[in-house]
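Residues per chain, in single letters:
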Amino acid sequence: MMTDMARFRRFVFAAMAAFSPVVASADALDLLLPKPVKAESRPGTASAAACAKVKCVRASVPGAPAAVAAEAYVLEVSSNGVTVTASDPKGERYARTTLAQLLKLGDGKVPCCRIVDWPAMRWRGFMNDCGRNYLEMEGVKAILDVMALYKMNLFHWHLTDYHGWRLESKLYPSLQRPEAFFGRQVGRYYTQEDFKEIVAYAAERHIRVVPEVDIPGHMRSAIAAYPHLPCFPENIKERCAHS
């Protein structure tokens, strides 16, 4: 009899195959719906109290590829407590995240088990386009929280576009003038202190921030702030307004 997960995998595969010729088989779903490298069920159940007793062992995980070895972990759950083996705090955090997910799934109880896992991809990213649509700081942090739950490790932050230059510049302050914004969240941008706060918040979750600054394309806001920049400055204000 087909399990619920098997049905779900078949449904997702059918939906993807209808729109993407790249998806050639249901096996391709393993890249999108990752599963642990190895999971063994063991007799017994661990209570929430037992799962609160976590022993961490700093050691390498056998078989983990060098590129992702720091993110690998072994999670062993018994009725007496939990042991996490990882060579780096990244792997430990991912093990604790898995444990929290198991606790939530089991309504406060976890089947005794041994899980060995490491990422299939070294970069696991999410892109947020704040250049076009400014997002409040709490919204950016909420994205990072969800990324951490899914063990994603790269936040691609798209900070500039036609609609605005969303990162404060001390060297070019006119980038933050209202005239440099077009149509969406005029005058809204992140200060340098905001940026540092987000970078630190992400680092606590083992997420790397990769800022994107569009140059030389998508420069309408910068050109509006500094009209001498374009190669063809004729009628630049009118062209910016209608581009």
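Keep in mind that what you see is a predicted model, and the values were worked out from it rather than measured.

1. Considerations on the packing of helix H5 (residues 137-149) against helix H6 (residues 192-204)
So, step 1. Following both chains from N to C, one finds H5 and H6 inclined at 20°, their axes separated by 10 Å at the closest point. Taken together, H5 and H6 sit at an angle that is classed as roughly parallel. Judged by the twist between their axes, the crossing of H5 over H6 is right-handed. Contacts between H5 and H6 involve Met 137, Val 140, Lys 141, Leu 144 and Asp 145 from the former and Asp 194, Glu 197, Ile 198, Tyr 201 and Ala 202 from the latter.
So, step 2. Residue classes in the contact of H5 with H6 are distributed as six nonpolar, no polar and four charged.

2. A few points about the sheet that holds strand E2 (residues 54-58)
So, step 1. As summarised here, the arrangement of the five strands in space is E1-E5-E3-E4-E2, forming an open sheet in which the pairing is mixed. Only two strands of the sheet have a single partner each, and these edge strands are strand E1 (38-47) and E2. Along the sheet, successive strands turn relative to each other by an average axial angle of 20°, direction set aside.
So, step 2. Across five bridges, E2 lies against strand E4 (residues 81-86) in parallel orientation. Each bridged residue has a counterpart across the sheet, and for Val 54 the counterpart in E4 is Val 82.

3. Concerning the side chain of Gln 176
So, step 1. The topology assignment puts Gln 176 in the loop between strand E9 (164-165) and H6.
So, step 2. Taking relative accessible area as the criterion, Gln 176 reaches 10% and is therefore assigned buried.
So, step 3. A distance of 3.2 Å separates a polar atom in the side chain of Gln 176 from the backbone oxygen of Leu 167.
So, step 4. Residue contacts for Gln 176: discarding those within four places in its chain leaves Trp 165, Leu 167, Glu 168, Ser 169, Phe 181 and Tyr 189.

4. Here's the deal with helix H4 (residues 89-105)
So, step 1. Its 17 residues give H4 an end-to-end C-alpha distance of 24 Å, which sits within 8% of 24 Å, the value for a rise of 1.5 Å per residue.
So, step 2. Residues of H4 that are buried: Gly 91, Glu 92, Tyr 94, Ala 95, Thr 97, Thr 98 and Leu 99.
So, step 3. Next to the buried residues of H4 lie helix H3 (48-51), E2, strand E3 (73-78), E4, strand E5 (109-117) and H5.
So, step 4. Near the N-terminus of H4, the side chain that reaches the backbone nitrogen of Lys 90, with its oxygen 2.8 Å away, is that of Asp 88.
So, step 5. Where H4 ends, the next residue or the one after it, Asp 107, has phi of about 55°, a positive value.

5. Observations concerning the confidence of the model for the protein
So, step 1. In this model, the protein carries a mean pLDDT of 86, and residues with pLDDT of at least 70 account for 81%.
So, step 2. Highest mean pLDDT in the protein belongs to E4 (98); lowest belongs to helix H1 (residues 4-19) (54).

6. Some words on the state of the cysteines
So, step 1. Counted by the stated rule, this structure contains zero disulfides.
So, step 2. Counting only cysteine sulfurs, Cys 112 is the nearest neighbor of Cys 51, a cysteine outside any disulfide, at a range of 8.3 Å.
So, step 3. Cys 112 forms no disulfide, and the closest cysteine sulfur to it belongs to Cys 113, at a distance of 7.4 Å.

Rules used throughout
Residues numbered from 1 in each chain as written. Predicted model: local features only at pLDDT ≥ 70, side-chain atom pairs only at ≥ 80, totals over all residues. Heavy atoms only, no water. Axes fitted to C-alpha atoms, helices over the stretch in contact; angles between N-to-C directions. Helix = DSSP H or I, 4+ residues; strand = E, 2+ residues; numbered from the N terminus. Parallel < 35°, antiparallel > 145°, perpendicular 65-115°, else oblique. Left-handed = near helix turned anticlockwise from the far one by under 90°. Contact = heavy atoms within 4.5 Å. Nonpolar A, V, L, I, M, F, W, Y, C, P; charged D, E, K, R; others polar. Pairing = 2+ DSSP bridges. Buried < 20%, exposed > 50% of the residue type's maximum accessible area, 1.4 Å probe, protein only. Polar contact = N/O pair within 3.5 Å; in protein donor to acceptor, adjacent residues only side chain to side chain. Expected span 1.5 Å × (residues − 1). pLDDT = per-residue confidence, 0-100. Disulfide = S-S within 2.5 Å.

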